[in-house]
Amino acid sequence: MSRGAVRRTGTSWLLLTPSLFGVGVFLILPIVLVGWLSFYSWNLLGPTEFVGLRNWRSVLTDAGFGHALAVTGALTLLVVPVQTALGFLVAALVVRRRAAGGFRVLFALPWMCAPVVVGVIWRWLFAPTDGALNALLGRRIDWLADPALALPSVAAVSIWSNFGYVALFFVAGLRAIPPEIHEAGAIDGATGWRHLRWLTLPLLRPTLFFVLATGTITAFQTFDTVYALTKGGPGDRTNVVAMQIFSEAFDAARPGRAAAMSIVVCVVMMIITVLQHRYFRNRTGDEF
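On a predicted model such as this, the values are computed, not experimentally measured, just so you know.

Parameters at a glance
Residues numbered from 1 in each chain as written. Predicted model: local features only at pLDDT ≥ 70, side-chain atom pairs only at ≥ 80, totals over all residues. Heavy atoms only, no water. Axes fitted to C-alpha atoms, helices over the stretch in contact; angles between N-to-C directions. Helix = DSSP H or I, 4+ residues; strand = E, 2+ residues; numbered from the N terminus. Parallel < 35°, antiparallel > 145°, perpendicular 65-115°, else oblique. Left-handed = near helix turned anticlockwise from the far one by under 90°. Contact = heavy atoms within 4.5 Å. Nonpolar A, V, L, I, M, F, W, Y, C, P; charged D, E, K, R; others polar. Expected span 1.5 Å × (residues − 1). Buried < 20%, exposed > 50% of the residue type's maximum accessible area, 1.4 Å probe, protein only. Bend = angle between axes of the 7 residues up to and from the residue. Patch = residues over 30% accessible without salt bridge, like charges linked within 9 Å, V, L, I, M, F, W, Y side chains within 5 Å. Areas by Shrake-Rupley, 256 points an atom, 1.4 Å probe, with all protein chains shown as cover. Salt bridge = Lys/Arg side-chain N within 4 Å of Asp/Glu carboxyl O. Core = buried A, V, L, I, M, F, W, Y, C linked by side-chain atoms within 4.5 Å. Phe/Tyr/Trp six-rings, centres within 6.5 Å; stacked < 30°, edge-to-face > 60°. Lys NZ or Arg CZ within 6 Å of the ring centre and 35° of its normal.

Visitor: If you had to explain the packing of helix H7 (residues 150-175) against helix H10 (residues 205-220) to someone new, which residues and values would you point to?
Guide: In helix packing, the relevant descriptors are the interaxial angle and the interaxial distance, both defined with respect to the helix axes. In the contact formed by H7 and H10, the axes pass within 10 Å of each other and the chain directions differ by 160 degrees. As summarised for this structure, H7 and H10 are arranged roughly antiparallel, according to the angle between their axes. For H7 against H10, the interelement crossing comes out right-handed. Listed contacts from H10 to Asn162, Val166, Phe169, Phe170 and Gly173 of H7 are Thr207, Leu208, Phe210, Val211 and Thr218. Class assignment of the residues belonging to the contact of H7 with H10 gives a composition of six nonpolar, four polar and no charged.

Below you can see the structure in the form of structure tokens.
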């Protein structure tokens, strides 16, 4: 290797050093520590005690953790399809009407707000006595205290917060489709639903995969909104897995079990993402 190539390689690694440091300290190191902690018992104050697979056995047989996973799965099924469809609809309207940038920013504002702030605002809107929503409907509804309405209410807030963010990606995907393809489809008689079904959606599959994968991961990580709205109640109807991990680590002072729960959730999200990737790759091509 020439001296110039060595110098360029060294310069490249030098420029990458800040990013590599950030990845190592804030991504790889926490993962390693969580994996290590899952084999230990610790009360956050005293010394750690090696317990082997005891944390894992207790977590995998814990009905409460299983319920939290089920609640999280239900929340994901409520949020992801609706926010994806709504985001696509908004993106189609924005592209068709060539809306200004300020109009797009308006839809993305809820996503840019802190989730806790959003939760506090919506908790006031959902208030049964003096809430704006009940005042508008003219009747008293316990949106967050009714076991049948609590989870859909949380899902509605998540959808409101994220659909504008989803719409931005669909806007980029729609505008990346060459106009010639639309013209060719129109000449061949592909209009309305047929144009959407056989032309637009197939070309949006990479964008759709990204939106669904990130939406699923975000839904599984939901914490701030639930904490601000219901704190997991009523009962445990909105006790998502992030709330369960938080409670296990800090309320029960069992971070070892919380670490094992975190790894289980990470594995579940990885499996779902791989399945989504395989589904879209088989319909998009090996290069996807």
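Visitor: Lay out H10 in plain terms, naming residues and giving numbers.
Guide: Compared with an ideal rise of 1.5 Å per residue, which puts 16 residues at 22 Å, H10 spans 22 Å between its outermost C-alpha atoms and is within 8% of the ideal. By the burial criterion, the buried members of H10 are Thr207, Phe209, Val211, Leu212, Ala213, Gly215, Thr216, Ala219 and Phe220.

Visitor: Got a sec to walk through helix H1 (residues 3-37)? Specific residues and values, please.
Guide: The sharpest bend along H1 reaches about 45 degrees and sits at Thr17, with the proline Pro18 one to four residues further on. Among all positions of H1, only Ala5, Gly35 and Leu37 are buried.

Visitor: Can you lay out a nonpolar patch on the surface for me, pointing to particular residues and giving the numbers?
Guide: Residues Phe21, Val25, Phe26, Leu29, Leu33 and Trp36 make up a contiguous nonpolar surface patch of about 640 Å² in total accessible area. Secondary-structure assignment places Phe26 in helix H1.

Visitor: A description of the side chain of Thr84 should follow, citing residues and the corresponding values.
Guide: By the secondary structure assignment, Thr84 is in helix H3 (residues 63-97). In this structure Thr84 comes out as buried when scored by relative accessible area, which is 8%. Ignoring any residue separated from it by four or fewer positions in sequence, one finds Thr84 in contact with Val166, Phe170, Leu208, Val211 and Leu212.

Visitor: Break down the pattern of salt bridges for me, citing the residues and quoting the values.
Guide: The tally for this structure, following the rule as stated, stands at four salt bridges. A salt bridge links Asp62 to Arg257, with the nearest nitrogen and oxygen atoms 2.8 Å apart. One end of the pair, Asp62, is in the loop between helix H2 (54-60) and H3; the other, Arg257, is in helix H13 (residues 255-284), and 195 residues separate them in sequence. Ionic contacts of the salt-bridge type, sharing partners, join the residues Asp62, Glu248, Arg254 and Arg257 into one network.

Visitor: Please give an account of the nonpolar core that cites residues and values.
Guide: One finds Leu75, Trp122, Phe126, Val157, Leu229 and Val240 to be the most contacted residues of the largest nonpolar core, which totals 19 residues. Counting 14 residues, the second-largest nonpolar core is a separate cluster that includes Trp56, Phe65, Val241 and Ala258.

Visitor: How would you explain the packing of aromatic side chains if you had to name every residue and give the values?
Guide: Two aromatic rings are characterised by how far apart their centres lie and by the angle between their planes. Overall, the coordinates contain 16 aromatic pairs when judged by the stated rule. Aromatic pair Tyr165 and Phe169: ring centres 5.0 Å apart, planes at 80 degrees, arrangement edge-to-face. Of this pair, Tyr165 and Phe169 both sit in helix H7, four residues apart, roughly one helical turn. According to the relative accessible area criterion, Phe169 is partly exposed, its value standing at 29%. Here a set of aromatic residues connected by ring pairs shows up, and it is made of Trp111, Tyr165, Phe169 and Phe210. Lys231 extends its terminal NZ or CZ atom over the ring of Tyr227, reaching a point 4.9 Å from the ring centre.

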